[in-house]
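Residue-level structural notes
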Amino acid sequence: MFKVLVCDDDAGLRLSVQAALAATGRFEVDEAFDGVNALEKIKSKTYNMVLLDVDMPRMTGMEALKAIKEHDPSIIVLILTAYANIDDAVRAVKEGAFNYVSKPIKSEDLVAMVDRAINAFSLISQATASFPMQVEPGREIIGHTSQMKKVFNVIMRLSKVDTPVLIRGASGTGKELVARAIHSNSSFKDGKFVAINCSAIPENLFESELFGHEKGAFTGADQRKIGKFQYAEGGTLFLDEIGDLPLLMQVKLLRVLQERTFTPVGANREIESNVRIIAATNRPLEEMNKKGTFREDLYYRLNVMPINLPSLADRRADIDHLVNLFIQKFNRAQGKKVVGVAPEALTVLKKYDWPGNIRELENIIEHAFILEESNMIQVSSLPETILGATGTELSAAQLRAREESMDKGLGDSDLDGDNANDSDDDGGSDQEMVKISGDTLDFNKHKEAFEREFIIKALKMFKGRINQTALHANIPKKTLLRKIEKYGINARDYAD
Ligand SMILES: Nc1ncnc2c1ncn2[C@@H]1O[C@H](COP(=O)(O)OP(=O)(O)OP(=O)(O)O)[C@@H](O)[C@H]1O
Ligand SMILES: [Mg+2]
């Protein structure tokens, strides 16, 4: 049942609200006679919604709103207001109330407004009603689907033992987050969590990276160096992309797992190691076993209790909750007060296939935050890639809203008023991206000039953020990175 607290100093009004909501059979309604009383109640019991009068003794509705939101930002607050106080109600909405209902209150209007608020907020209320798993303070793993509940069980079980862990899952499904959750719930939690990406280390440096080296162990080793194993001593070493570990290193890793000792490069002593190993991969290790590119003995050692993370498309019911989590995150980061996602936009998010999984969802919410000016994420703030992939067409009004906010987003950039699709229109604008004249009539040169300029403008627009730029400009991230390198662009130049 949805728990509602009606806070008004007028007992008659409390009674009629109570009756209107109770008649639906969907709400459990309590009463508070003023703001102070309401705060006492929300501190002793969890409510999903507060219906709040503006004009009350002891504490004004505005003060009560602020205190309620401080206590629990996920409580939906609906303001009850008389016409005389409509300005206050509008101000309350700016301060985080969902909306207001004016008195005298008709029961159908009230129920309709409460339902609208619940729809918009279904995200927020459900997310707090259930159990997200804490990873670190302020960081949690969301998962309400049966697949994720299984994952949580395995995480809890693995946290109590020190066997190696293998986490499998497609890109962006949360492998690293799960690794951190295991670490911070385990007996290794007072040690460090050290992550190493096996695909990013050149083969000849691997051994020294993991185990360290003595001074003079090889050309260029002019200092003694501590390896990641020693660095992570007493903590967790997260070996990301384990499928890319070179064969020789696979042998050495297996040895550490079995004997709990290792030898730095060039050293003649063994060092004892007490490190929890968590590995992750997106690669088909079983096939690699057959091909001989991933050792079977290491595979079996790691695969004692594997965790398979489902892709987001296989647990769409979690989309609401994740969206809510990211809304709260970006509200905090950007000082905004977005309260939810418009139903139409949520439908699109639920329909999309999410090849980049949760990371992609997070990027898309961040993108929408940049464009959105109202307190709800509208479909017009979603990137074109998603609208296209889900066959969503914007109405003329939505297209206009989108263009306006894009123009603002561009600020004083000279893309203003122009449109990237105009590039093959060589007509008169002095803001065109490429100027053509007889003596530079070389297609490739112009293509490169265009690409460079386009990328710089896109980076400016998204403050040098690669993921955002790639997503919004519809360039695969790898291609974008390649081109940034090719044209000698420094994305950081465009950060804030
Ligand atoms: N269940 C979840 N709840 C909340 N946030 C999540 C969840 N899963 C992933 N995230 C967030 O999504 C982003 C991607 O997660 P993470 O880096 O752990 O994925 P990954 O599987 O390691 O990706 P890759 O394969 O690309 O390295 C992170 O910002 C992470 O905090
Ligand atoms: Mg990762």
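None of the values given here were measured: they were computed from a predicted structure.

Each value, and the rule that gives it
Residues numbered from 1 in each chain as written. Chains lettered and ligands numbered in written order. Predicted model: local features only at pLDDT ≥ 70, side-chain atom pairs only at ≥ 80, totals over all residues. Domains from an automatic or database assignment. Contact = placed C-beta atoms within 7 Å. Nonpolar A, V, L, I, M, F, W, Y, C, P; charged D, E, K, R; others polar. Near = placed C-beta within 6 Å. Helix = DSSP H or I, 4+ residues; strand = E, 2+ residues; numbered from the N terminus. Axes fitted to C-alpha atoms, helices over the stretch in contact; angles between N-to-C directions. Parallel < 35°, antiparallel > 145°, perpendicular 65-115°, else oblique. Left-handed = near helix turned anticlockwise from the far one by under 90°. Buried ≥ 20, exposed ≤ 12 C-beta atoms within 10 Å, placed from the backbone. Expected span 1.5 Å × (residues − 1). Arc of directions from axis to C-beta. Pairing = 2+ DSSP bridges. pLDDT = per-residue confidence, 0-100.

All right, on to the domain arrangement of the protein chain then. By the assigned domains, the protein chain splits into domain 1 (2-129), domain 2 (134-308), domain 3 (313-408) and domain 4 (411-496). Put simply, the middle of domain 2 and the middle of domain 3, counted by C-alpha atoms, are 35 Å apart. Taken together, the 11 residues of domain 2 in the interface contact 12 residues of domain 3. For the side of domain 2 that touches domain 3, the per-class residue count stands at 3 nonpolar, 8 polar and no charged.

A few words on the site of ligand 1. I142, G174, K175, E176 and L177 are the nearest of the 17 residues found near ligand 1. If you list the elements that add at least two residues to the shell around ligand 1, you get α7 (175-185), α13 (319-334) and α15 (357-371). Looking at the shell around ligand 1, its residues break down into 6 nonpolar, 7 polar and 4 charged. Viewed by domain, the shell around ligand 1 spans two of them, domain 2 (134-308) and domain 3 (313-408), each represented by three or more residues.

All right, on to the packing of helix α3 (residues 61-71) against helix α4 (residues 86-94) then. Two elements in contact, α3 and α4, have axes whose closest approach is 10 Å; the angle formed by their N-to-C orientations is 15°. Put simply, α3 runs roughly parallel to α4. The way α3 lies across α4 gives a crossing that is right-handed. Residue-level inspection shows G61, M62 and L65 of α3 in contact with α4, the latter providing D88, R91 and A92. Its residues placed into classes, the contact of α3 with α4 shows 3 nonpolar, 1 polar and 2 charged.

Before going further, it helps to spend a moment on the environment of A401. With respect to the helices and strands, the residue A401 is situated in helix α17 (residues 396-410). Assessed through the 20 C-beta atoms surrounding it within 10 Å, A401 is described here as buried. Considered as a pair, A401 and D190 are 211 residues apart in the sequence and their alpha carbons are 50 Å apart.

In this model helix α1 (residues 11-22) runs 16 Å from its N-terminal to its C-terminal C-alpha over 12 residues, within 8% of the 16 Å that 1.5 Å per residue would give. Where α1 is concerned, the buried positions are R14, V17, A20 and L21. Projected onto a plane normal to the axis of α1, the buried residues spread over an arc of 130° and lie on a single side. When the buried face of α1 is taken as reference, the exposed residues oriented beyond 90 degrees from it are A11, G12 and A19.

Sheet architecture is open: 5 strands sit in the order β9-β10-β13-β8-β14, paired in parallel fashion. Edge positions in the sheet fall to β9 (193-197) and β14 (307-308), since each of these pairs with one other strand and no more. Pairing analysis gives 5 bridges linking β9 to strand β10 (residues 236-240), with the strands arranged parallel. Of the residues in β10, the one forming a bridge with I196 is L239.

So, on to helix α19 (residues 466-473). Among the residues of α19, Q468, T469, L471 and H472 are the ones counted as buried. Buried residues of α19, seen end-on, are gathered within an arc of 165° and therefore sit on one face of the element. Here the buried face of α19 lies against α15, α16 (384-389), α18 (443-461) and α20 (477-486).

Here we take up unusual backbone geometry. Note that the residue after K103, namely P104, is joined by a cis bond; omega there is 0°. Phi is positive for K463, which is not a glycine, with a value near 50°. Within the secondary structure, K463 sits in the loop between α18 and α19. Among the residues examined, K463 registers 13 C-beta atoms within 10 Å and is labelled partly exposed. Even without being glycine, N474 reaches a positive phi, approximately 60°.

This brings us to the confidence of the model for the protein chain. When pLDDT is averaged across the protein chain, the result is 85; 90% of the residues are at 70 or more. Of all helices and strands in the protein chain, the one with the weakest mean pLDDT is helix α5 (residues 107-129) (69), whereas β10 scores best (97). Segment residues 410-431: pLDDT under 50, and 16 contacts once partners within four positions in sequence are set aside and those in other chains are kept.

The strands making up a sheet associate through backbone hydrogen bonding, with each pair oriented either parallel or antiparallel. An order of β2-β1-β3-β4-β5 is seen for the 5 strands of this open sheet, with the pairing classed as parallel. Only two strands of the sheet have a single neighbouring strand rather than two, namely β2 (27-32) and β5 (99-102). Here the average twist between neighbouring strands, direction ignored, is 25°. Helix-sheet contacts for α1 involve β1 (2-7), β2 and β3 (49-53), and the interaxial angle to β2 is about 170°.

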